[in-house]
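# Understanding the architecture of this molecule
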Amino acid sequence: MTEKWNLSAAPESTSHVELQDTYHLFINGEFRKPKSGKYFDTINPATNTVIATVSEAGKQDVDDAMKAAEKAFPAWSKLDGKERGKYIFRIARMIQERSREFAVIESLDGGKPIRESRDVDIPLAAAHFFYCAGWADKLEYAFPNRSPKPLGVAAQIIPWNFPLLMAAWKIAPALACGNTVVLKPAETTPLTALKLAEIIQEAGLPPGVVNIVTGAGETGAAMTAHPIPKKLAFTGSTEVGKFIYKAALDGNKKVTLELGGKAANIIFDDAPIEAAVEGIINGIYFNQGHVCCAGSRLFVQETVYEEVLSKLKRRMDTFIVGDPMDKNTDIGAINSKAQLKTIEEYLKIGREEGAEIYQPKCNLPKTGNWCAPTLFTNVAQSNRIVQEEIFGPVLAIQTFRTIDEVIDKANNTPYGLSAGVWTDKGSKIFQLTQALKAGVIWANTYNKFDATSPFGGYKESGFGREGGIHGMEAYLKFD
Ligand code: ADP
């Protein structure tokens, strides 16, 4: 039995955060009431209480935003790269200066532990702006002899799992390359994007270069069907990605899609087991498992299975699940009631499929959306919990004997976003990175992100890369 530390509550203060009761749409450099006249609430998933009321952009609002972006494009695209870079640097620095406020809002609105928003989401968001700012006047060197030119207006739609970071992944490269944008955050997590809009306004970015509209699927569909954007950029579910792809084909637009995943995390018997266990934990329980590249399928070599399993369970027993604002919390709230329902449905399916379930004892809060970290053993390749993306803190474990067997099993999925390999042997790492059909493969680590490094998938995980100069290429055309 693992001893639980008896830690006192260590809540992050929220008193420094400035939030409005009602948020309007950020169009042409100003906050405007929605012409649709509609609003919706954004909820704190840890308490299920309303944080603020947010505008729902209708077709007319989307049209206004697109026109503002179109009007801003000629001047912005012709601006000297060095000048564009200065604006982007300014945004990066302002995110850094207000990082505590951003971190608190991200955790309030989305449910993720403050430690993660403070140490991962916000610093990485700033890093993407810094990185792209540096390239703004060097595109000719990034793409030598290819005469890079911006595309025009980009319509960008992002999900709720990394709200500010995904906004940075989308906006920073688009601006650095001279495009203008209309971005829509997800309906359950609009607040950090709206905070970013305030910063963009303060940074003095020319009106219309960045427009931020809020709303749900209908607003997103109005954006993708609109004739003005030359490029659609989407991160979210494979299901919605298919609609977006169709809209791009119908409208003859460029498109990048970063969709779902069901990543294999592979542990060989020569791996450093303690480190691998931490990698498994980080791979699946980071951000409540709301991660498209989460290592949700664990493959352990048979000879070390018992050791890995017992160490993993011991480690899971130490988890602190609860208040996202507490600095000791490891696992926060599930982002929405709807997502919790989906995860619970999969837990039921897993049991019905005959898998064995393990959940540590944790005192889950009485109100809010919570799910204990979960481990399924005794699963088969054909099980739905092994094939389908759950997007929650749910891991399925299988064993293997040989390299060929694990490659076959790992690739047996419609997805291909990421994978992890744990071994002492460099040659095995190279063999697997060649053979696994996944866009990103981590070796002896997991969930490491960097603004300079491309990220994206194969098969139903989408196409196109974000991050690095590959991410900028997606916002350029060449002669
Ligand atoms: P998740 O599974 O992560 O909830 P979704 O793919 O449902 O992701 O949502 C990701 C983003 O796509 C959100 O901003 C959502 O509002 C938007 N969206 C949902 N449906 C559509 C649609 N039909 N067209 C365009 N955007 C959509």
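## Details of the domain arrangement of the chain
For the chain, the assigned domains read domain 1 (22–259 + 461–478) and domain 2 (264–443). Each of domain 1 and domain 2 has a C-alpha centre, and these two points are 30 Å apart. Taken together, the contact between domain 1 and domain 2 spans 17 residues of the former and 25 residues of the latter. Of all elements in the fold, only α3 (99–110) and α4 (114–135) reach the threshold of two or more residues within the side of domain 1 that touches domain 2. If one sorts the elements of the side of domain 1 that touches domain 2 by residue count, α4 sits on top with three residues. Taken together, the residues of the side of domain 1 that touches domain 2 break down into five nonpolar, eight polar and four charged.

## Observations regarding helix α6 (residues 163–176)
Along an α-helix, residues three or four positions apart point the same way, because every turn accommodates 3.6 residues. Relative to the 20 Å expected for 14 residues at 1.5 Å per residue, α6 spans 20 Å between its end C-alpha atoms, a close match to the ideal helical length. Burial runs high along α6: 14 of the 14 residues are buried. At the exit of α6 stands G178, carrying a positive phi of roughly 90°.

## A look at the environment of A52
As for its placement among the helices and strands, A52 is situated in strand β5 (residues 49–55). Exposure remark for A52: the 20 C-beta atoms within 10 Å place this residue in the buried category. Separated by 427 residues in sequence, A52 and D479 place their C-alpha atoms 47 Å apart. Discounting chain neighbours no more than four positions away, the residues touching A52 are L19, Q20, D21, T22, Y23, T42 and L191.

## Quick word on the sheet that holds strand β16 (residues 394–400)
Pairing within the open sheet is mixed, and its seven strands lie in the order β14-β15-β16-β13-β12-β17-β18. The open sheet has two edge strands with one neighbour each: β14 (356–358) and β18 (440–443). Adjacent strand axes in the sheet meet at a mean angle of 20°, parallel and antiparallel pairs treated alike. Contacting β14, β15 (374–377) and β16, helix α12 (residues 337–352) crosses the sheet at an angle of about 35° to β16. Packing against the sheet, helix α14 (residues 403–411) makes contact with β12 (264–267), β13 (297–301), β16 and β17 (418–422), and its axis sits at approximately 150° to β16.

## Looking at the site of the ligand
Taken together, 17 residues sit near the ligand, with G217, G220, G236, S237 and V240 positioned nearest. Residue assignment for the shell around the ligand shows that the elements contributing at least two residues are α8 (217–225) and α9 (238–250). Per-element tally for the shell around the ligand: the top contributor is α8, with four residues. Per-class residue counts for the shell around the ligand are 10 nonpolar, five polar and two charged.

## Some thoughts on the pairing of β13
The element β13 is largely enclosed, with a buried count of five among its five residues. Burial along β13 is two-sided: the face carrying R297, F299 and Q301 and the face carrying L298 and V300 are both buried. Since β12 and β13 lie parallel, the crossover through helix α10 (residues 273–285) that links them has a hand, and here it is right-handed. Strand direction decides the pairing type here: β13 and β16, joined by five bridges, are parallel. If you follow R297 over to β16, its bridge partner there is A396.

## Observations concerning the sheet that holds β5
Read from one edge of the open sheet, three strands run β1-β5-β4, paired in mixed fashion. Strand pairing shows two members of the sheet lacking a second neighbour, β1 (22–23) and β4 (39–44), which therefore form its edges. In this structure, β1 lies alongside β5, joined through two bridges in parallel fashion. Within the sheet, the bridge partner assigned to T22 lies in β5 and is T53.

## Quick look at unusual backbone geometry
Only a minority of non-glycine residues have a phi that is not negative, and only a minority of peptide bonds are not trans. One non-glycine residue, N252, lies in positive phi territory at about 55°. For N252, the location among the structural elements is in the loop between α9 and β11 (254–258). Backbone geometry places F391, a non-glycine residue, at a positive phi of 60°. Structurally, F391 can be placed in the loop between α13 (384–387) and β16.

What counts, and where the lines are drawn
Residues numbered from 1 in each chain as written. Predicted model: local features only at pLDDT ≥ 70, side-chain atom pairs only at ≥ 80, totals over all residues. Domains from an automatic or database assignment. Contact = placed C-beta atoms within 7 Å. Helix = DSSP H or I, 4+ residues; strand = E, 2+ residues; numbered from the N terminus. Nonpolar A, V, L, I, M, F, W, Y, C, P; charged D, E, K, R; others polar. Expected span 1.5 Å × (residues − 1). Buried ≥ 20, exposed ≤ 12 C-beta atoms within 10 Å, placed from the backbone. Pairing = 2+ DSSP bridges. Axes fitted to C-alpha atoms, helices over the stretch in contact; angles between N-to-C directions. Near = placed C-beta within 6 Å. Right-handed = clockwise from strand over helix to strand, strands pointing away.

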